4 protein chains.
Amino acid sequence: MIIVMSKNATKQEIENVEKKLIELGFKTHPIIGEVKTVIGAIGDKRILNTVNITTMPGVESLVPIMKPFKLAGRELKHDPTIVDIGPARIGSNEIAVIAGPCAIESEESFIETAVKVKEAGACILRGGAFKPRSSPYSFQGLEEEGLKIMAKAREKTGLKIVTEVVDTRDVELVASYADIIQIGARNMQNFRLLHEVGLTSKPILLKRGLAATIEEWLMAAEYIMAAGNDKIILCERGIRTYETSTRNTVDISAIPVVKELSHLPIIVDPSHAAGNWKYVGALSKAAVAAGADGLIIEVHIDPPNALSDGPQSLRPPKFKQLMEELEPVAKAVGRDILKIA
Amino acid sequence: MIIVMSKNATKQEIENVEKKLIELGFKTHPIIGEVKTVIGAIGDKRILNTVNITTMPGVESLVPIMKPFKLAGRELKHDPTIVDIGPARIGSNEIAVIAGPCAIESEESFIETAVKVKEAGACILRGGAFKPRSSPYSFQGLEEEGLKIMAKAREKTGLKIVTEVVDTRDVELVASYADIIQIGARNMQNFRLLHEVGLTSKPILLKRGLAATIEEWLMAAEYIMAAGNDKIILCERGIRTYETSTRNTVDISAIPVVKELSHLPIIVDPSHAAGNWKYVGALSKAAVAAGADGLIIEVHIDPPNALSDGPQSLRPPKFKQLMEELEPVAKAVGRDILKIA
Amino acid sequence: MIIVMSKNATKQEIENVEKKLIELGFKTHPIIGEVKTVIGAIGDKRILNTVNITTMPGVESLVPIMKPFKLAGRELKHDPTIVDIGPARIGSNEIAVIAGPCAIESEESFIETAVKVKEAGACILRGGAFKPRSSPYSFQGLEEEGLKIMAKAREKTGLKIVTEVVDTRDVELVASYADIIQIGARNMQNFRLLHEVGLTSKPILLKRGLAATIEEWLMAAEYIMAAGNDKIILCERGIRTYETSTRNTVDISAIPVVKELSHLPIIVDPSHAAGNWKYVGALSKAAVAAGADGLIIEVHIDPPNALSDGPQSLRPPKFKQLMEELEPVAKAVGRDILKIA
Amino acid sequence: MIIVMSKNATKQEIENVEKKLIELGFKTHPIIGEVKTVIGAIGDKRILNTVNITTMPGVESLVPIMKPFKLAGRELKHDPTIVDIGPARIGSNEIAVIAGPCAIESEESFIETAVKVKEAGACILRGGAFKPRSSPYSFQGLEEEGLKIMAKAREKTGLKIVTEVVDTRDVELVASYADIIQIGARNMQNFRLLHEVGLTSKPILLKRGLAATIEEWLMAAEYIMAAGNDKIILCERGIRTYETSTRNTVDISAIPVVKELSHLPIIVDPSHAAGNWKYVGALSKAAVAAGADGLIIEVHIDPPNALSDGPQSLRPPKFKQLMEELEPVAKAVGRDILKIA
């Protein structure tokens, strides 16, 4: 940690800051520059609330040297984490494609979709039983009924299932059905929910918040890991920018940045990123080429009648075609598309 | 609602869209332009999932004409809402100043702060018992112990209290102590939590999300209102932008925009917006001049030792001075600073 | 164009708006809804300043139906534009890779770089003679001397050259040396400069502005085309967002969006987007996979001693390796990397 | 400057960086931490291209300690700059209100507007003769004819005039008519234009770029000052964010931030910030309350027929009323509205 003192800081103020740092357990190294003094403070005290030092008289700013995340970072664990979900593994050399509708609407349609996405080559099934919708008047999901339908689809197809939890009170219920628990973008900083899913033993699909920095996202992973669960799959789903031609702007650079900072696997959701099925193909290929460990794609058998997110859903034949097109892209970067029996 | 058909839409596609709209209960008015056809669809069907029409063949885009919020909007209720909290009223001609520390740290320091902010002229006391912190290693609040301290401070000073709830499981508990329940920025789209506080009878202080649009914010209010609680105070607290010289960028235009779209009162949190106590004075005056119904300001008796958000907290003497400076600004726009006995 | 009248608009106000629209040459189609009236206005009057209609009493908003660009759009010209530069062609099935240093620093180093990027497979040579730098104290480029060095490098290698112009007064000079004239991000809305390069017969590489929407970018192309020059290559180079782990956020979705809206070719600059050479490989592959028609990559023989943008420059061996890795990605999406003799 | 070495940096790599820093004229102070080594480098070498050090093996990042601007900063010149324009002075205790139409459309209408804004209390007259418009089909201004009309309006009213220059070739011409030369938001990083106006002796109104950071804006001022002209008035005009309810988001915090970092005066343009005349009043008052040294407001005698920016223009009676309302706000913060005879 570096403390930058302001140009006009007095000798006394500099000494007070040093004294405070020593009290907090740091070793200090002042460097007296031509205009300003800076104080190097040695000691990895990420858990201290050192930010308050900036309120001491004479302090201009504080520059952290260590990243605030430990468990999610590459510093303590260099080797990539592979999250194991039955036959599927995320983070290995094989790219996992998760697919399914935004919301579970009925047993019939969901199972039909499940069968079709499996045929097309998806290795995990997605579906929403608890839906966080921006309007209270929109369809909010079938709740436990939806979870039961998912379980039937799993039985029918052999595909493992991922579904979102939106309330701490439902974590136990969702964990009893799901193979992967999803934390949605709107709950990325719902710290109680992060803690609660951290107490389960299920893998967690952690979406990046609507306008979260990569550091905040990794700190959300840190919450889950600090509670004891290290089976985390990060999911880039587009960030909020001024550009309106897509619903969000997919931050494709997040893939190499996360790979550098963290050992956790990262997948991409091109459907929510774009908000438009027409762009899903191009973004899926870009994600694979940039090094993503997987994709999560919305597929619906009848988008105009979908109860949620119709505009961004692929129909099964388009999805099948995309799966075929992804194969050579994966191979071009030395990987494969994960296939399960 | 206006449906814009693409340049190449066929006659059949246009007819299919019209048919679908009629099925959904709309009256349709096609307008055949030189290049494109648009279809006007009459009927206020905000609760239908009409967005899926964009997935029908030949459709280019859909333009909503009505705002998606009803209860929070000015259309059904034109007169401004005044939220009544004991002696304080928010939304009236008198500007309410809420003050206190970010987190409750101890009974002694909190009561000392409470006494001082009351002396300086604050009319409501803030304090955090459940703290949503970006790091799992930071102080997370005293929880119920903190609520009890708040209650004591209320008894001592007569000031009503506002505090945040971060988990659906704590709503009942927090409601049993607080006079106003706060929904923090990170939970603005925690829809379950919105619904749950909507079931209480307590006024709700609803902070704008980190990167929420004004429309999304009003939809969050709509969630609370749809559950039966219309005592909502909106709180602008800065939005996320590319500018890093302040923690967030306070969106001062949100004040007149909200006043135009909604009947709900709006206050401003200059402390979280700026992230730096030096800017709190200028932003507070700007908010009052722009028409805000109140302010919520962080005050701490010893910022360098604060357990949360020290850098943006004012010391009591600075806060007292600010209160004195706000008085003429309020009068300059034809209002007063609310004072309670 | 659709004019939305406010809920309280009077009959007289609605009539006045209709009258005004008819005066401007539109045919009007009012649609009287349950709450609001909207007026459809037929007639492609993109050149009229119709936005002022929103200032008429009773008008709430105006919804354009037609895109504001004509020449740059797909509506008048559906077939993709291929820009021909000597042996290279941009916009064809073959992906063009442009490479070279940010700034031309000396004849020796530039020619050495030129030879190396050619060997590695680049088909066009980039280099800056006029540098727009954010500090007046930074190296501003060798100006005409730099152009002469570029010409020598072209002679030596056979590679065509692209270089930026930053001042209307230099357009003639730059056009006399360059094979492609670059308009940098900071000048994307320097409309006089756009007009001036539009008067030349040289292909124009038009970078997207720092925070430009896709629509504004296409309007910048429209400026050049309106002046008579339709040889435009669009270049996505990252947009400004709140995320700081990369210098800019490359908007990879811009590729399919531009392909849908415009017939112009689009290339990507992964070096300026990332601001960090480590991410250039991943972003280059993503761009090719997403459908880009080319790349422009910074290569420097000695990045630590570069006078501009060292941190984002690849050394020649890394660039060579990237060229080899791009080949299979191009093939995976049915294309090739353009090679010249 | 602080150089942060990566966790895995070798002893040799650390030594190489130190050696390089010493070569560049710095004194070095390595601090060996528990995990990483950082090197403090003393010496104010803002003009060196030290950023390239980040490309040396083992370097993780570089943290500048000094601000990159010298002339525009408070470090060398602490006292506030007051820009003197005939009877008006910007940066003093009196707040200057500049008003007039976006574009000069005709002599008659411009002079009528000039007379009216003077009567209402404006102290400087604005008007555009060269208009940077996002569409090539929009009205581009009357050019020199417009400048002549401005000069006549000055003669008639005694108001000094401010107008924009958009091309280096026009600087001399514009300087021969204008009392203040405006650099528009789109040209804030048109460095050649900055340099050129820096060579004149006229005060410069420097608008903040569409998505410029405060630091970039002060660096633009630095360009002008480095060319010899220190009469700069900064103008906040809203920044680009994701929020669409206003055209831009006025960054009101920029006022106290600029006051802290720089000695230059700062004014606010509420008209371009909001893009809607309805919000101009609230934003004007907020700007004055936050400490702005002036305002620049668009006034048009007939907004529905304005050739540019009608929607955000006030009619003269509204402007007069606003001037009356601003008076008590200015007094509330210990200032006055500047009045000229």
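Structure shown above.
Residues numbered from 1 in each chain as written. Chains lettered and ligands numbered in written order. Predicted model: local features only at pLDDT ≥ 70, side-chain atom pairs only at ≥ 80, totals over all residues. Heavy atoms only, no water.

**A few points about the packing of helix 6 (residues 214–226) of chain B against helix 7 (residues 254–261) of chain B**
Residues and elements named next belong to chain B. Close contact between helix 6 and helix 7 brings their axes to 11 Å; oriented N to C, the two are set at 50°. One finds that helix 6 runs oblique with respect to helix 7. Viewed along their axes, helix 6 and helix 7 form a crossing whose handedness is right-handed. Here Ile 214, Trp 217 and Leu 218 of helix 6 come into contact with helix 7, specifically with Ala 254, Val 257, Val 258 and Leu 261. (Axes fitted to C-alpha atoms, helices over the stretch in contact; angles between N-to-C directions. Helix = DSSP H or I, 4+ residues; strand = E, 2+ residues; numbered from the N terminus. Parallel < 35°, antiparallel > 145°, perpendicular 65-115°, else oblique. Left-handed = near helix turned anticlockwise from the far one by under 90°. Contact = heavy atoms within 4.5 Å.)

**Digging into the interface of chain B and chain A**
Often the size quoted for an interface is simply the accessible area lost on bringing the parts together. Facing the 50 residues of chain B at the interface are 50 residues of chain A. Together chain B and chain A conceal approximately 4,200 Å² of surface at their shared face, both sides included; 47% is due to carbon and sulfur atoms. Counting the surface chain B buries against chain A, the share from its top three residues, Thr 55, Tyr 137 and Arg 192 of chain B, is 17%. Put simply, chain B and chain A have 10 salt bridges between them. (Buried area = accessible area lost by both parts, 1.4 Å probe. Salt bridge = Lys/Arg side-chain N within 4 Å of Asp/Glu carboxyl O.)

**Let's talk about the interface of chain D and chain B**
Counting residues at the interface gives 33 residues for chain D, matched by 33 residues for chain B. When the two sides are added together, the surface that chain D and chain B hide from each other amounts to roughly 2,700 Å², 67% of it contributed by carbon and sulfur. Linking chain D with chain B are 4 salt bridges, by the criterion used here. Ionic pairing is found between Glu 260 of chain D and Lys 278 of chain B, a salt bridge with its closest N-O pair at 2.7 Å. If you look at where chain D meets chain B, you find 12 residue pairs in polar contact (both at pLDDT 80 or more). Listing elements by their share of the side of chain D that touches chain B, those giving two or more residues are helix 7 (254–261), helix 9 (280–290) and helix 10 (316–332) of chain D. It is helix 9 of chain D that contributes the most residues to the side of chain D that touches chain B, 6 residues altogether. Split by residue class, the side of chain D that touches chain B holds 20 nonpolar, 6 polar and 7 charged. (Polar contact = N/O pair within 3.5 Å; in protein donor to acceptor, adjacent residues only side chain to side chain. Nonpolar A, V, L, I, M, F, W, Y, C, P; charged D, E, K, R; others polar.)

**Describing the pattern of salt bridges**
In the structure shown here, the tally under the stated rule is 100 salt bridges over all chains. Among the ionic pairs, Lys 331 of chain C bridges to Glu 327 of chain C, the shortest N-O distance being 3.4 Å. Taken together, the residues Lys 331 of chain C and Glu 327 of chain C, both in helix 10 (residues 316–332) and 4 residues apart, mark about one turn of the helix. Salt bridges sharing common partners tie together Glu 143, Asp 167, Arg 169 and Asp 170 of chain A together with Arg 192 and Glu 196 of chain B.

**Some words on the environment of Lys 20 of chain D**
Secondary-structure assignment places Lys 20 of chain D in helix 1 (residues 11–23). For Lys 20 of chain D, a relative accessible area of 15% corresponds to the buried category. For the pair Lys 20 of chain D and Pro 304 of chain D, spaced 284 residues apart in sequence, the C-alpha separation works out to 63 Å. When sequence neighbours within four positions are dropped, the list of residues in contact with Lys 20 of chain D reads Asn 305 of chain C together with Ile 53 and Met 56 of chain D. (Buried < 20%, exposed > 50% of the residue type's maximum accessible area, 1.4 Å probe, protein only.)

**Focus on the side chain of Arg 74 of chain D**
Residue and element names in this part refer to chain D. Mapping Arg 74 onto the fold places it in the loop between strand 4 (59–63) and strand 5 (83–85). Of the polar contacts made by the side chain of Arg 74, one reaches the backbone oxygen of His 78; its length is 2.4 Å. Excluding anything up to four places from it in sequence, Arg 74 contacts Asp 79, Pro 80, Lys 259, Glu 260, Leu 261, Ser 262 and His 263.

**A short note on the pairing of strand 10 (residues 180–183) of chain A**
Residue and element names in this part refer to chain A. Where burial is concerned, the two faces of strand 10 agree: the one with Ile 180 and Gln 182 and the one with Ile 181 and Ile 183 are both buried. Relative to strand 10, strand 9 (residues 160–164) runs parallel, the two sharing 3 bridges. The partner of Glu 164 across the bridge, within strand 10, is Gln 182. Handedness of the crossover joining strand 9 and strand 10 through helix 4 (residues 171–177) is recorded here as right-handed. In this structure, strand 10 lies alongside strand 11 (residues 204–207), joined through 3 bridges in parallel fashion. Directly across from Gln 182, in strand 11, lies its bridge partner Leu 205. (Pairing = 2+ DSSP bridges. Right-handed = clockwise from strand over helix to strand, strands pointing away.)

**Some points on the packing of aromatic side chains**
All names here are of chain C. Taken as a whole, this structure holds 4 aromatic pairs over all chains when the rule is applied. Ring plane angle 25° and centroid distance 4.6 Å describe the contact between Phe 191 and Tyr 223, whose orientation is recorded as stacked. Of this pair, Phe 191 sits in helix 5 (residues 191–198) while Tyr 223 sits in helix 6 (residues 214–226), placing them 32 residues apart in sequence. Taken individually, Phe 191 and Tyr 223 each receive the classification buried, so the pair is uniform in this respect. (Phe/Tyr/Trp six-rings, centres within 6.5 Å; stacked < 30°, edge-to-face > 60°.)

**Here's the deal with the packing of helix 2 (residues 107–120) of chain D against helix 3 (residues 144–157) of chain D**
Residue and element names in this part refer to chain D. Direction vectors running N to C along helix 2 and helix 3 enclose 35°, while the axes themselves pass 9 Å from each other. Considering the relative orientation of helix 2 and helix 3, their crossing is right-handed. Every residue of helix 3 that contacts helix 2 at Glu 107, Phe 110, Ile 111, Ala 114, Val 115 and Lys 118 is listed here: Ile 149, Met 150, Lys 152, Ala 153, Lys 156 and Thr 157. The residue makeup of the contact of helix 2 with helix 3, split by class, is 7 nonpolar, 1 polar and 4 charged.

**Examining the sheet that holds strand 4 (residues 59–63) of chain C**
Residue and element names in this part refer to chain C. Taken together, 4 strands build an open sheet; the order of strands is 2-3-1-4 and the sheet is antiparallel. Unpaired on one side and paired on the other, strand 2 (27–32) and strand 4 mark the two borders of the sheet. Going from strand to strand, the sheet's axes swing by 20° on average, the running direction of each strand aside. Across 3 bridges, the pairing between strand 1 (residues 2–5) and strand 3 (residues 37–42) is antiparallel. By the bridge assignment, Val 4 is partnered in strand 3 with Val 38. Contacts from helix 1 (residues 11–23) reach strand 1, strand 2, strand 3 and strand 4 within the one sheet, and its direction differs from that of strand 3 by about 10°.

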